[in-house]
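Topology and contacts: notes
Chain residues, written in single-letter form:
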Amino acid sequence: MRGVSRVFSMSAALAEQPSRRLPGDLFIWYIILLEGATFGVLFLAFAFTRLWHLELFNESQQRLDVSAGALNTALLLTASWCVARAVLAVRAGRRRPGLAWLGAGILGGVGFVVFKLLEYAEKGAEGIGLSTNLFFDFYFILTGFHLLHVLAGLLALGMCGLGLLRQPRNALNAHALETAAAFWHLVDLLWLVLFPLVYVLR
Amino acid sequence: MKLQWLDFIWMALLAATGVTWWLGASGALESGRFIFTVVVFALAWLKGLGVLLEFMELRHAPAAWRWALVAGFSVIVAGVLLAAWLG
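Here's what I pulled together on the structure shown here. (Residues numbered from 1 in each chain as written. Chains lettered and ligands numbered in written order. Predicted model: local features only at pLDDT ≥ 70, side-chain atom pairs only at ≥ 80, totals over all residues. Heavy atoms only, no water.)

Residues and elements named next belong to chain A. One can describe the packing of helix 4 (residues 66-91) onto helix 5 (residues 95-125) by two numbers: an axis separation of 7 Å at closest approach and a directional angle of 160 degrees. Taken together, the axes of helix 4 and helix 5 lie roughly antiparallel to each other. Helix 4 and helix 5 meet at a crossing whose hand is left-handed. Residue composition of the contact of helix 4 with helix 5, by class: 17 nonpolar, six polar and three charged. (Axes fitted to C-alpha atoms, helices over the stretch in contact; angles between N-to-C directions. Helix = DSSP H or I, 4+ residues; strand = E, 2+ residues; numbered from the N terminus. Parallel < 35°, antiparallel > 145°, perpendicular 65-115°, else oblique. Left-handed = near helix turned anticlockwise from the far one by under 90°. Nonpolar A, V, L, I, M, F, W, Y, C, P; charged D, E, K, R; others polar.)

Here is the structure:
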């Protein structure tokens with residue numbers, strides 16, 4: 001008898017577990033795989049090219065500001081956290097906190113874009129551009145390609161914010177926000193490798 | 001505001017970023033000791049796991065997707081670390 005009740009309590013515990021699912025649209029997860037693989041190839045190309053041009057890469061890297069890179073990392077991580085909290089709030093049917101978290105996340109992303117553009121302007125003022133040397137070819141391609149993804153993520157999050165405003169308060173749907181959030185977290189994830197690889201590795 | 005698990009993850013991610021910044025700004029990686037490079041990329045890997053499992057909610061995703069993304073990310077970080085070691 002005790003065994004039967006144990007089986008019942010175990011099955012009840014299993015039933016209470018959240019169902020295993022990918023948040024958002026399945027299509028975005030294929031995009032995440034594709035983009036992750038593309039950036040992965042670029043990261044490895046940078047890392048292995050560096051082996052043949054070690055002196056050039058180390059010298060050039062000293063012209064980058066590690067603190068600016070760290071600040072941008074903190075901004076993206078904070079923006080990602082805010083967006084994750086926005087998803088939780090919207091799922092719980094709380095629109096105002098959801099929009100507030102989403103707005104804070106967008107603000108963090110905009111901060112990243114502003115600091116990145118300032119960094120580019122500073123490099124331009126120093127006479128550094130795409131054709132300066134191999135290191136800066138990689139620097140501009142990697143960070144520029146990543147910046148495009150940040151802008152696309154911001155656009156998607158902004159559209160989700162507008163969509164939330166139009167939804168009836170008592171029937172919020174988090175699907176679109178989950179989809180945009182998954183892409184936004186990918187943008188954050190890519191920077192987590194890009195920062196130590198390009199700014200820190202000596 | 002009631003603290004949630006995600007808030008602690010965010011704080012840990014920021015703390016790890018602070019360590020990476022310190023290692024980079026202090027010139028520790030220029031000392032030639034490879035252990036500092038290992039620490040920097042181990043932190044990047046742990047931060048990535050935090051983002052993948054908690055922010056992207058892969059902890060609650062089907063195992064195939066979770067492992068594909070975690071393994072892919074791990075291979076990239078390991079590859080970068082291998083290149084750094086060879087250098």
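Quick look at the interface of chain A and chain B now. In this complex, chain A contributes 48 residues to the contact, which on the side of chain B involves 44 residues. Summed over the shared surface of chain A and chain B, the number is three salt bridges. Across the salt bridge formed by B:E57 and A:R91, the nearest N and O atoms sit 2.7 Å from each other. Linking chain A with chain B are nine residue pairs in polar contact (both at pLDDT 80 or more), by the criterion used here. Every element with two or more residues in the side of chain A that touches chain B is listed here: helix 2 (26-52), helix 4 and helix 7 (175-200) of chain A. (Contact = heavy atoms within 4.5 Å. Salt bridge = Lys/Arg side-chain N within 4 Å of Asp/Glu carboxyl O. Polar contact = N/O pair within 3.5 Å; in protein donor to acceptor, adjacent residues only side chain to side chain.)

Moving on: the state of the cysteines. Such a bond, covalent and formed between the sulfur atoms of two cysteines, is termed a disulfide. All names here are of chain A. Tallied over the entire structure, the rule returns zero disulfides over all chains. The thiol of C82 is not disulfide-bonded; the next cysteine sulfur, from C160, is found 15 Å away. According to the relative accessible area criterion, C82 is buried, its value standing at 4%. Owing to a relative accessible area of 11%, C160 belongs among the buried residues under this scheme. (Disulfide = S-S within 2.5 Å. Buried < 20%, exposed > 50% of the residue type's maximum accessible area, 1.4 Å probe, protein only.)

In the structure shown here, the tally under the stated rule is nine salt bridges over all chains. A salt bridge links A:K123 to A:E126; its shortest N-O distance comes to 4.0 Å. A:E126 sits in the partly exposed class, given a relative accessible area of 36%. Here the residues in one salt-bridge network are A:R21, A:R91, A:E178 and B:E57, joined through shared partners.

To continue, consider the layout of surface pockets. Here the largest pocket defines a volume of roughly 220 Å³. Taken together, 17 residues make up the lining of the largest pocket; nearest its centre are A:G36, A:A37, B:G72, B:F73 and B:I76. The set of elements that each furnish at least two residues to the lining of the largest pocket consists of helix 2 and helix 7 of chain A together with helix 3 (63-86) of chain B. In terms of residues, the lining of the largest pocket owes the most to one element, helix 2 of chain A, which gives seven residues. (1 Å grid on protein atoms, 1.4 Å probe; cavity = no way out; pocket = protein on both sides within 12 Å on 5 of 7 lines; lining within 4 Å. Points joined across faces, edges and corners; volume = space filled by probe spheres on them.)

Attention now moves to the packing of aromatic side chains. Under the definition given, this model contains 21 aromatic pairs over all chains. Where A:W81 meets B:W10, the ring centres are 3.8 Å apart and the plane angle is 5 degrees; that geometry is what we call stacked. Here A:W81, found in helix 4, pairs with B:W10, found in helix 1 (residues 5-25), and the two come from separate chains. For A:W81, a relative accessible area of 8% translates into the label buried. Given the relative accessible area of 18%, B:W10 is considered buried. Members of the aromatic cluster, connected to one another through ring pairs, are A:F46, A:F57, A:F112, A:Y120, A:F135, A:F136, A:F138, A:Y139, A:F140, A:W191, A:F195 and A:Y199. (Phe/Tyr/Trp six-rings, centres within 6.5 Å; stacked < 30°, edge-to-face > 60°.)

This part takes up the packing of helix 3 (residues 54-61) of chain A against helix 6 (residues 134-166) of chain A. All names here are of chain A. Contact geometry of helix 3 with helix 6 gives a least axis separation of 8 Å together with a crossing angle of 60 degrees. By the angle class used here, helix 3 and helix 6 are oblique. Listed contacts from helix 6 to L56, F57, S60 and Q61 of helix 3 are L134, F135, F136 and F138. Within the contact of helix 3 with helix 6, the residues separate by chemical class into six nonpolar, two polar and no charged.

Nothing here speaks to function; it is all geometry.
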